[in-house]
Amino acid sequence: MSFNTALSGLRAANQNLAVTGNNIANASTTGFKQSRAEFGDVYANSILGTGARTPGSGVLVNAVAQQFSQGNISITNNSLDLAVNGSGFFILSNQGTPSYTRAGNFGLDNLGYVTSTNGSRLQGFAACPSGQVLSGALADLRIQTSDIAPNATSEVNARLNLDSGSNVPAVAPFDP
């Protein structure tokens, strides 16, 4: 009995080392979330199921749980790289099949769709031409990559804080 107890401990320690090794191997992988081995006690029971359940008959790995704590957010030179701050996932669509990821390294395909490294399209809420976000069904996010006709600025709102102790200039600094 004690030999089996020791073997169960070695098996559990081996699985824990495998989980730790996986964490170390993927430490620099974009969007990787570390795992943790969760252990449980093995109980002894009689063949007929009668009698008390006796703890101390060994250990096993109950689960390997993902840790969804906030990771490091690093700055990149890609304007389409995104990060999830807190809990949550990016929703991707691969020809209609949804998937979820925390890896935010995105790019554009030849049609202007925002895609992940494996070609899945990033999902989000679409906007109408006036800029209103259409809540409801998710759509593939697309960025207009062709030349867009320029629009003149029609209004500027500014908030300024002027020094009340300054002298009022006699002449305007610029004449439109």
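Shown above is the structure to which this text applies.
Residues numbered from 1 in each chain as written. Predicted model: local features only at pLDDT ≥ 70, side-chain atom pairs only at ≥ 80, totals over all residues. Heavy atoms only, no water.

With respect to the packing of aromatic side chains
On inspection of all chains with the given rule, the structure shows one aromatic pair. Arranged with centres 5.2 Å apart and planes meeting at 85°, the rings of F90 and F106 form a pair that is edge-to-face. You can see F90 sitting in strand β3 (residues 90-94) and its partner F106 sitting in the loop between β4 (97-101) and β5 (107-108), a full 16 residues away along the chain. This pair shows no difference in class: F90 is buried, exactly as F106 is. When the ring centre of Y113 is taken as origin, the NZ or CZ atom of R121, which lies over that ring, is 3.6 Å away. (Phe/Tyr/Trp six-rings, centres within 6.5 Å; stacked < 30°, edge-to-face > 60°. Helix = DSSP H or I, 4+ residues; strand = E, 2+ residues; numbered from the N terminus. Buried < 20%, exposed > 50% of the residue type's maximum accessible area, 1.4 Å probe, protein only. Lys NZ or Arg CZ within 6 Å of the ring centre and 35° of its normal.)

Some thoughts on unusual backbone geometry
Here the phi dihedral of Q95 falls at roughly 55°; this positive angle occurs in a residue that is not glycine. With respect to the element layout, Q95 can be found in the loop between β3 and β4. We classify Q95 as exposed; its relative accessible area is 81%.

Let's talk about the pairing of β3
Here five bridges tie β3 to β4, and the two strands are oriented antiparallel to one another. Note on β4: the bridge partner recorded for L92 is S99. Linking two consecutive strands that pair antiparallel, namely β3 and β4, is a turn of two residues; a positive phi of about 55° is found at Q95 within it. Here β3 runs beside strand β7 (residues 121-124); their pairing, made up of two bridges, is antiparallel. Residue pairing for β7: S93 is matched across the bridge by R121. (Pairing = 2+ DSSP bridges.)

Some remarks on the nonpolar core
Counting seven residues, the largest nonpolar core is built from L80, V84, F90, L92, F106, V114 and L122. Apart from residues no more than four positions distant in its own chain, V114 is found in contact with F106, G107, L108, S120, R121, L122, L141 and I143. (Core = buried A, V, L, I, M, F, W, Y, C linked by side-chain atoms within 4.5 Å. Contact = heavy atoms within 4.5 Å.)

Quick notes on the side chain of Q123
Examined against the element boundaries, Q123 turns out to sit in strand β7. Engagement of the side chain of Q123 in a polar contact is seen with the side chain of D140, the distance being 2.4 Å. Apart from the residues lying within four places of it in its own chain, the contact partners of Q123 are I91, L92, S93, L138, A139, D140 and L141. (Polar contact = N/O pair within 3.5 Å; in protein donor to acceptor, adjacent residues only side chain to side chain.)

Some details on helix α1 (residues 2-25)
One full turn of an α-helix is made of 3.6 residues, so residues set three or four places apart face in the same direction. Over its 24 residues, α1 extends 35 Å from the first C-alpha to the last, a length consistent with the 34 Å expected when each residue adds 1.5 Å. Within the span of α1, buried status applies to S8, A12, V19 and N23. In the core, the buried residues of α1 are packed alongside β1 (35-41) and β2 (59-66). (Expected span 1.5 Å × (residues − 1).)

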